[in-house]
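Take a look at the letters that make up each chain.
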Amino acid sequence: FYHDLVQDAAGRLHLATSGGIVTLRPGPRPTDRPRVLLTLTDDDGLPNPRIGRLAVDRAGHVWAATAAGMGRFDAALADRPAAPVSLVLEARGIDG
């Protein structure tokens, strides 16, 4: 089950789930299964694993809105699995 889906300029799909973010690379043909490139959870630094909404900015960063704050990562790193994913996360709650 996913809550949101965005596509970045490179064609990667990012799914917001109740367990984190899943990044997929679609296959070259529509009948091909997508390949999972990356899965991010709170163990990777997300403020909360339950992601409500996603957005991609002009620089190619994926922003994740969680109940515990915003998270951001460089989507291009998903294509380089040997490199550590650089998460820039700011757990800024919303005062209500």
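Everything numeric in this text was worked out from a predicted model, so none of it was measured.

**Student:** How should the nonpolar core be read in this particular structure?
**Tutor:** The nonpolar side chains of a soluble globular protein tend to be buried, and buried together. Core analysis: the biggest nonpolar cluster contains 14 residues, and Ile-21, Leu-38, Leu-40, Ile-51, Leu-54 and Phe-73 have the highest contact counts within it. Top element by residues in this core is strand β4 (residues 35–40). It accounts for three residues. The residues contacting Ile-51, other than those within four sequence positions of it, are His-3, Ala-16, Thr-17, Gly-20, Ile-21, Leu-46, Ala-64, Ala-65 and Thr-66.

**Student:** Can you walk me through the environment of Ala-75 in this structure?
**Tutor:** You can see Ala-75 is positioned in the loop between β7 (69–74) and β8 (87–90). Linking Ala-75 and His-61, residues 14 residues apart in sequence, is a C-alpha distance of 5.7 Å. Among residues more than four places away in sequence, those in contact with Ala-75 are Asp-8, Arg-12, His-14, Gly-60 and Val-62.

**Student:** Would you mind showing me how to read the sheet that holds strand β1 (residues 2–7) here?
**Tutor:** The pairing of strands in a sheet happens through backbone hydrogen bonds and is either parallel or antiparallel. Strands sit in the order β1-β2-β3-β4 across an open sheet of four strands; the sheet is antiparallel. This sheet does not close on itself; its edge strands, each paired only once, are β1 and β4. Mean inter-strand twist for the sheet, computed between neighbouring axes without regard to direction, equals 20°. Both strand β2 (residues 13–17) and strand β3 (residues 20–25) contribute to a ladder of five bridges, which runs antiparallel. Within β3, the residue paired with Ala-16 across the bridge is Ile-21.

**Student:** Got a minute to help me understand the pairing of strand β6 (residues 61–66) in this structure?
**Tutor:** Residues in a regular strand project their side chains so that they alternate between the two faces of the sheet. As defined by bridge partners, strand β5 (residues 51–56) adjoins β6 across five bridges and the pair is classed as antiparallel. When the bridges of β6 are listed, Val-56 appears paired with Val-62. Between the end of β5 and the start of β6, which pair antiparallel, lie four residues, with Gly-60 showing a positive phi angle near 90°. Pairing of β6 with β7 involves six bridges; the strand directions are antiparallel. Its bridge partner lying in β7, Val-62 is registered against Phe-73. Linkage of β6 to β7, two consecutive antiparallel strands, is achieved through a turn of two residues.

**Student:** Just checking my understanding: could you explain the environment of Thr-41 for this structure?
**Tutor:** Examined against the element boundaries, Thr-41 turns out to sit in the loop between β4 and β5. In this structure the C-alpha to C-alpha distance between Thr-41 and Thr-17, which are 24 residues apart in sequence, comes to 9.7 Å. Setting aside its immediate chain neighbours within four residues, Thr-41 contacts Gly-19 and Leu-46. Within polar-contact distance, the side chain of Thr-41 engages the backbone nitrogen of Asp-43 at 3.1 Å.

Rules and cut-offs
- Residues numbered from 1 in each chain as written.
- Predicted model: local features only at pLDDT ≥ 70, side-chain atom pairs only at ≥ 80, totals over all residues.
- Heavy atoms only, no water.
- Core = buried A, V, L, I, M, F, W, Y, C linked by side-chain atoms within 4.5 Å.
- Buried < 20%, exposed > 50% of the residue type's maximum accessible area, 1.4 Å probe, protein only.
- Helix = DSSP H or I, 4+ residues; strand = E, 2+ residues; numbered from the N terminus.
- Contact = heavy atoms within 4.5 Å.
- Pairing = 2+ DSSP bridges.
- Axes fitted to C-alpha atoms, helices over the stretch in contact; angles between N-to-C directions.
- Polar contact = N/O pair within 3.5 Å; in protein donor to acceptor, adjacent residues only side chain to side chain.

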